[in-house]
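The chain contents come next:
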Amino acid sequence: MIRLVSVSCLFTIAGVSVCGGSDVTTSLPTVQVVGKPGSFQLMRNGKPFHVNGVGGFGNRSLLVSAGANSIRTWGAEGVGEILDQAHKDGLAVTLGIWLMHADAMDYKDKEAVRKQFEICKQVVEKYKDHPALLIWAFGNEMEGYGAETQPEVWKAVNEIAEMSKKIDPNHPTMTVVAEIGGNK
């Protein structure tokens, strides 16, 4: 049994925002973010875990031989096979679930937002206990493409992350952002 400590945090490292942690006792694989502002540590199964990996899932044998320990996907298509192969190769997976950008979906359309939410929920429910899972990554570079004028985008991302934490308290959530803080 592993006892997770409660950690409420939201921080950004190299354009990746992470939030995680909750109180739960489990024998399932666990990943958590511990620490305080300025000093955070990603823990996997009670041990510090430093992400050394790439985005994508190409030549895994080359990744492994180069010392990689993780990969990140952008979407959940074919993810069962990706997770299984990553586990065989000793790689952890930051599982990306693509969310529509604001220029391709109206986030004020409650039915469209609900459908996207349900797709995410199905993926979380199906893969939450996979031993290769490291982090849930909801959306990719959502800050552009009209999101700056649609706060509903961030509300939807947050609601998906909250749902994920209720279903799967053993893995942190994140969203990937790019070009934050640049001058326009």
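About the criteria used
- Residues numbered from 1 in each chain as written.
- Predicted model: local features only at pLDDT ≥ 70, side-chain atom pairs only at ≥ 80, totals over all residues.
- Heavy atoms only, no water.
- Helix = DSSP H or I, 4+ residues; strand = E, 2+ residues; numbered from the N terminus.
- Buried < 20%, exposed > 50% of the residue type's maximum accessible area, 1.4 Å probe, protein only.
- Contact = heavy atoms within 4.5 Å.
- Pairing = 2+ DSSP bridges.
- Polar contact = N/O pair within 3.5 Å; in protein donor to acceptor, adjacent residues only side chain to side chain.
- Right-handed = clockwise from strand over helix to strand, strands pointing away.
- Core = buried A, V, L, I, M, F, W, Y, C linked by side-chain atoms within 4.5 Å.
- pLDDT = per-residue confidence, 0-100.

Caption draft 1: Highlighting the overall build of the protein chain. Along the backbone of the protein chain there are four helices and 12 strands. Burial status across the protein chain gives 46% buried among its 184 residues. Considering only residue pairs separated by 6 or more positions, the protein chain has 57% of its internal contacts joining residues 24 or more positions apart.

Caption draft 2: Local environment of the pairing of strand S12 (residues 173–176). Neither face of S12 is exposed, since Thr173 and Thr175 on one face and Met174 and Val176 on the opposite face are all buried. As paired elements, strand S11 (residues 133–140) and S12 share three bridges and run parallel to each other. For Trp136, the partnering residue across the bridge sits in S12 and is Thr173.

Caption draft 3: Quick look at the side chain of Ser70. Its location among the elements puts Ser70 in strand S9 (residues 70–72). Among the polar contacts made by the side chain of Ser70, one reaches the side chain of Asn69 at a distance of 3.4 Å.

Caption draft 4: Geometry of the pairing of strand S10 (residues 92–97). For S10, a buried count of six out of six residues is recorded, marking the element as mostly surrounded by other parts of the structure. Because side chains alternate across S10, one face comprises the buried residues Ala92, Thr94 and Gly96, and the other comprises Val93, Leu95 and Ile97, equally buried. By the bridge criterion, three bridges tie S9 to S10 in an arrangement that is parallel. By the bridge assignment for S10, Arg72 is matched with Thr94. Running through helix H2 (residues 79–89), the crossover from S9 to the neighbouring parallel element S10 is right-handed. Taken together, the five bridges between S10 and S11 define a ladder with parallel strand orientation. From the neighbouring strand, Gly96 faces S11, where its bridge partner is Ala137. Crossover S10 to S11 through helix H3 (residues 110–127) is right-handed.

Caption draft 5: Region of the structure containing the environment of Pro48. On the secondary structure map, Pro48 appears in strand S7 (residues 47–48). Take Pro48: its relative accessible area is 58%, and that puts it in the exposed class. Measuring from C-alpha to C-alpha, the distance between Pro48 and Val31 comes to 9.6 Å, with 17 residues separating the pair along the chain. Among all residues touching Pro48, those that are not within four sequence positions of it are Gln41, Leu42 and Met43.

Caption draft 6: Region of the structure containing the nonpolar core. Core analysis: the largest hydrophobic core is formed by 32 residues, its most contacted members being Leu95, Ile97, Leu99, Tyr107, Trp136 and Phe138. Elements with a minimum of two residues in this core: H2, S10, H3, S11 and helix H4 (151–167). No other element matches the six residues that H4 contributes to this core. Non-local contacts of Tyr107, meaning those with residues more than four positions away in its chain, are made with Leu99, Met100, His101, Ala102, Val113, Gln116, Met142, Gln150, Glu152, Val153 and Ala156.

Caption draft 7: Spotlight on the sheet that holds strand S6 (residues 39–44). If you trace the three strands from one edge of the open sheet to the other, you get S5-S6-S7, paired in antiparallel fashion. Two strands bound the open sheet, and with one partner strand each, they are strand S5 (31–36) and S7. Sheet topology places S6 next to S7; two bridges connect them, and they run antiparallel. Looking across to S7, one finds that Met43 is bridged to Pro48.

Caption draft 8: Up close: the confidence of the model for the protein chain. Confidence along the protein chain averages 83 in pLDDT terms, with 80% of residues attaining 70 or more. Averaged over each element, pLDDT in the protein chain is lowest for strand S1 (residues 2–3) (26) and highest for H3 (98).

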